[in-house]
Amino acid sequence: MTRSIIVLGVSALVLGSAVSGCAVQSRSVTPAVANGGDAQAVKAAAKAAKRAQRALAKQDAVAAVGFAEEAVRLRPREAGHRLVLAQSYLKTGRFVAARAAFGDVLALEPDNGRAALNLALMTIAGGDWLAARGVLAEHATRIPAADHGLALALAGDPAGAVAMLTAAAREPGAGAQVRQNLALALALAGNWQMARVVAATDMSPADVDARMQQWADFAQPHGAADQVATLLGVTPVADAGQPLTLALHAPTPVAPPQLAEKVGAEQIEDAPMQPVQPVQPVTRPPAIVFAAPREVVQSLHGRTRIGGNPVVPRRADPATGEWYVQLGAYGSAEGAREAWSRSAQRLARIGEHAPRSTTFRSADGTVYRLSVGGFARGDAEGLCRRLKTAGGDCFVRRQAGDRVAAWARGGIMLAAR
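Every residue gets a number counted from 1 within its own chain, in the order that chain's sequence is written. Side-chain atom pairs in this predicted model are given and counted only at pLDDT of 80 or more, local residue features only at pLDDT of at least 70, and totals for whole chains, interfaces and linings cover all residues. The basis for every side-chain value is the complete set of heavy atoms in the structure, and neither hydrogens nor water enter the calculation.

A. Up close: the overall build of the protein chain. Strands are runs of DSSP state E lasting at least two residues, helices are runs of H or I lasting at least four, and both sets are numbered from the N terminus onward. Per the secondary structure count, the protein chain includes 19 helices and seven strands. Sorting the 417 residues of the protein chain into buried and exposed places 44% on the buried side. Contacts between residues were defined by any pair of non-hydrogen atoms, one from each residue, lying within 4.5 Å. Taking contacts inside the protein chain between residues at least 6 apart in sequence as the whole, the part at least 24 apart equals 68%. For the protein chain, the accessible area works out to roughly 22,400 Å², and carbon and sulfur atoms hold 55% of it. Partly exposed residues are those whose accessible area sits between 20% and 50% of the maximum for their type, while under 20% is buried and over 50% is exposed, using a 1.4 Å probe and protein chains only. Method for areas: the Shrake-Rupley scheme with a 1.4 Å probe, in which residue coverage is limited to the protein chains shown.

Take a look at the structure:
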């Protein structure tokens, strides 16, 4: 994955004031301190947190983690210290630990929009799109639309992202950040033509060409964390998570079981021994014998011809993978249907699968995406290569709300006869 992609918005909010070295303010106060508790621990924690911020400003995230963990150990209910810790984990590429730490910040400060956005991004990096969309929905009023929309696209809902960012781009005073995030969301939704048009609003044609190439690479990640890591400019690493001792609700140590009191022990010793009953042998149930296997064959009805070759129509098989081959995006359902016929004529293998479609609103109206999918990534890439060899056009992407096309639900349409 390229690290040179430039997208305004998310990175600016994620790498907020703690990274730039400014103090992070927090409204949470430990009850013990409010009542005149351990002032020395408060002072030591604040000093460790400031050292962590300075380390982040110097791009020394590893050192920042150590200082921030010390601050949290001393003051576990200080949301500001936990925010510095979460950002330190993020900058080292420890997305699992960062997700836990941002969750702890939100537990202490539920209205912290920055922590909510970061938590959603870390959840996306972990591959849990549904949970990430839940975080975004819960904190929608606290996250700027430009960042919310792009995060929504990364969480597997590019159509919803396009709708949100289109509305934001129409607001008075909308800037390049909103427009560029809209362009990227359009690209992730498969509408590359509109993505180019929107992106060109703020850059030269040559720059648009370079941006489209970057986004083409960005749209085909190799792992769940790749897109988030690219936007944030960090390299993800293997991560065992935040230490349990630093969790906001750390587990309480369990005391080892104690021996019975002496009186109880003496009573046990004095108790008469009961005779042991003999164990009856267990009778095993008879073994189950399976009949010889037989094939069950059903007659096939209504074979359809494509280019003179008989092809058996298929209904949609349950999707077993998350990868789809997108065949195009069209201005009407009829256009998508005709494109399906052309693709099936080029490559009979396409016609063996259910045509799938999603729709989204753009400035020009409703757009219909056409795809086949539910594949493992290698299978999707192989099918796309074969279609391109046959003269078609396609690209591979993750599932984004694709469902069996409405015009094909009564029986898969393979080609016009």
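B. Structural context of unusual backbone geometry. Phi at Gln59 is positive, roughly 65°, even though this residue is not glycine. Along the chain, the position of Gln59 falls in the loop between α4 (39-57) and α5 (61-74). Here Gln59 falls in the exposed class, since its relative accessible area comes to 60%.

C. Spatial organisation of helix α7 (residues 95-108). In this model, α7 (14 residues) spans 20 Å end to end at C-alpha, consistent with the 20 Å of a helix rising 1.5 Å per residue. Those residues of α7 that fall on the buried side of the exposure criterion are Phe95, Ala97, Ala98, Ala101, Phe102, Asp104, Val105, Leu106 and Leu108. Buried residues along α7 sit against α6 (79-91), α8 (113-125) and α15 (226-232). An expected span of 1.5 Å times one less than the residue number is assigned to each helix.

D. Expanded view of the pairing of strand β3 (residues 323-330). Counting buried residues along β3, six of its eight residues qualify, which places the element largely inside the surrounding structure. Should DSSP find at least two bridges between two strands, the strands are taken to pair. Looking at chain direction, β3 and strand β5 (residues 365-375) are connected through seven bridges and run antiparallel. Within β5, the residue paired with Gln326 across the bridge is Ser371. By the bridge criterion, four bridges tie β3 to strand β6 (residues 395-398) in an arrangement that is antiparallel. Residue pairing across strands places Trp323 opposite Arg398, the latter belonging to β6.

E. Looking closely at α8. Given a rise of 1.5 Å per residue, 13 residues ought to cover 18 Å, and the 18 Å separating the end C-alpha atoms of α8 matches this to within 8%. Taken across its 13 residues, α8 has 12 buried, putting it largely inside the fold. Restricting attention to buried positions, one finds in α8 the residues Gly113, Ala115, Ala116, Leu117, Asn118, Leu119, Ala120, Leu121, Met122, Thr123, Ile124 and Ala125. For α8, the N-terminal cap is Asn112; the gap from its side-chain oxygen to the backbone nitrogen of Arg114 is 3.2 Å. Directly after α8, the chain includes Gly127, whose backbone phi takes a positive value near 85°. We define a polar contact as two N or O atoms separated by no more than 3.5 Å, with the added condition that, inside protein, one atom must be a possible hydrogen donor and the other a possible acceptor, whereas residues neighbouring each other in sequence contribute only through side-chain atom pairs.

F. Examining the nonpolar core more closely. In these notes, a set of buried Ala, Val, Leu, Ile, Met, Phe, Trp, Tyr and Cys residues joined through side-chain atoms within 4.5 Å is what counts as a nonpolar core. In this structure, Phe102 and Met122 are the most contacted members of the largest nonpolar core, which totals 71 residues. With nine residues, α8 is the single largest residue contributor to this core. With residues near it in sequence (within four places) discarded, Phe102 still touches Leu83, Ala86, Gln87, Leu90, Ala115, Asn118, Leu119 and Met122.

G. A look at the state of the cysteines. Here, two cysteine sulfur atoms that lie within 2.5 Å of each other are counted as a disulfide. For the coordinates displayed, the defined rule picks out one disulfide. Across a sulfur-sulfur distance of 2.0 Å, Cys384 and Cys394 are joined as a disulfide pair. Judged by the sign of its S-S torsion, about 110°, the bond between Cys384 and Cys394 is right-handed. Pair noted here: Cys384 is in helix α19 (residues 377-389) and Cys394 is in the loop between α19 and β6, with a separation of 10 residues, a long-range link. An identical accessibility class is assigned to Cys384 and Cys394; each is buried.

H. Inspection of the packing of aromatic side chains at higher detail. The aromatic pairing rule takes the rings of Phe, Tyr and Trp, using the six-membered ring of Trp, and pairs them if the centres are within 6.5 Å, calling planes under 30 degrees apart stacked, those over 60 edge-to-face and the rest tilted. Counted according to the given criterion, the structure contains one aromatic pair. Between Trp192 and Phe395, the ring centres sit 6.3 Å apart and the planes meet at 90°, which makes this aromatic pair edge-to-face. Highlighted residues: Trp192 in helix α13 (residues 192-199) and Phe395 in strand β6, separated in sequence by 203 residues. Taking the relative accessible area as the measure of exposure, Trp192 reaches 23% and is therefore partly exposed. Lysine NZ or arginine CZ positioned within 6 Å of the ring centre and within 35 degrees of the ring normal marks a charge as sitting over the ring. For Arg377, the ring lying beneath its charged end belongs to Trp323, and the centroid distance is 4.5 Å.

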